[in-house]
Amino acid sequence: MSVAVPHPRETFDRHGGEAAEAAFLESLERGRLHHAWLLVGPEGVGKATFAYRAARRLLGATPDASLGALGAAPDHAVSRQIIARAHPDLLVLERETPDGKPRKGIPVEEARGLPEFFAKSPASAPYRVAIIDAADDLAPSAANAVLKTLEEPPERGVLLLVSPSPGSLLPTLRSRCRRLRFATPPPAPAAAWVAAKAGVEIAEAERLLVMARGAPGLAWRLAGADALAMDDAARAILETLTAPDESALQAIADGFRGAAGAARFNLLFDRLAERVRANASEAAVAGGGEGTALDGWAQSWSMLNDLAQRTEAVNLDRSDVFFTAVGRLRAVAGATAC
């Protein structure tokens, strides 16, 4: 079942991040708000959602305690302006274009607009706020442009940087930010949250959380991308390698057309690679060595990841790549069965 997952600017509740919200609010209420915050943690644990929640509070939206410490009224004018991307005191730098198309990264031209944005006084709010989602998507020249802003802290300005991989950022950029860490929540409440949001059973929510390595937001997005169906397809492919259902394989390949097909292709290869990795782990526990099942499944894992990356990099035909991968997996399955 496919479900629509709202953008963080349209998300008003949150799951987890209580400690981060408390630390931010304490700084704000004591009048010691840092000018730059680095929001770190795995993908899908609420970093971007926090950034928009903090932005609403800084820009003057009416608080709503029923939605958590940083909760804001969804029907407030500030909240509506942010959803419409029309608030004059909020600047967002992100990888996606306004029409939702992905880019290779955040262009340096956009990053160079930060000093001019912060040089102006707030138009209608107590602060001017910029969100970078994610700082990992900044090219070196764009990161240097952000660093220039951090070196000259803006008056009444706050910069919120989302980063799943802070180790890849410039050390000078990291050192000028106050860090807030977001961790994966406990499994049971996370599964209940995913089940409610995605409209799935608890058992399915638990499967999604395993795929998402415990991150509830990512699990919700995976539900919207039909990850359960792709995981089932990956399992069926690997279980029938020695006696494949050619019509089923063709039906899968036919679903790789267009942008939505590209997402399904990447997700299927991810699930195939994860299941192959599990096969390699089982072979290792069984005492396999070079030239055995362990070696074959380990090579298959590398093959799947390499094919997925090359398909995107040079725009290979996804259907052809899929059948190539199945053929190589079939050869491995035949060799390990001997």
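Coordinates for the structure precede this section.
Residues numbered from 1 in each chain as written. Predicted model: local features only at pLDDT ≥ 70, side-chain atom pairs only at ≥ 80, totals over all residues. Heavy atoms only, no water.

1. Notes on the side chain of arginine 9
Relative to the helices and strands, arginine 9 resides in the segment before helix H1 (18-29). With near-sequence residues (within four places) excluded, arginine 9 lies in contact with Tyr52, Arg56, Ile82, Ile83, Arg85 and Glu94. (Helix = DSSP H or I, 4+ residues; strand = E, 2+ residues; numbered from the N terminus. Contact = heavy atoms within 4.5 Å.)

2. Focus on the sheet that holds strand E2 (residues 90-94)
A sheet is described by the order of its strands in space; here five strands give the open sequence E2-E3-E4-E1-E5, paired in parallel fashion. Of all strands in the sheet, those with a lone pairing partner are E2 and strand E5 (178-181), marking the two edges. The sheet shows a mean angle of 15° between the axes of neighbouring strands, direction not considered. Where helix H2 (residues 47-58) meets the sheet, it contacts strand E1 (36-40), E2, strand E3 (128-133), strand E4 (157-163) and E5, and its direction lies at approximately 170° from that of E4. (Pairing = 2+ DSSP bridges. Axes fitted to C-alpha atoms, helices over the stretch in contact; angles between N-to-C directions.)

3. Structural notes on the packing of aromatic side chains
Summed over the entire model, instances satisfying the criterion amount to nine aromatic pairs. Ring geometry for phenylalanine 24 against phenylalanine 50: centres 5.7 Å apart, planes inclined by 90°, an arrangement best described as edge-to-face. Here phenylalanine 24 is found in helix H1, whereas its partner phenylalanine 50 is found in helix H2, with 26 residues between them in sequence. Of the two residues, phenylalanine 24 and phenylalanine 50, both sit in the buried class. Here phenylalanine 117 and phenylalanine 118 contribute two aromatic rings whose centre-to-centre distance is 5.1 Å and whose plane-to-plane angle is 70°, an arrangement assigned as edge-to-face. An identical accessibility class is assigned to phenylalanine 117 and phenylalanine 118; each is buried. Through successive ring pairs, a cluster of aromatic residues spans Phe256, Phe265, Phe269, Phe322 and Phe323. In this structure, arginine 156 is placed above the aromatic ring of tyrosine 127, and the distance from its NZ or CZ to the ring centre is 4.3 Å. (Phe/Tyr/Trp six-rings, centres within 6.5 Å; stacked < 30°, edge-to-face > 60°. Buried < 20%, exposed > 50% of the residue type's maximum accessible area, 1.4 Å probe, protein only. Lys NZ or Arg CZ within 6 Å of the ring centre and 35° of its normal.)

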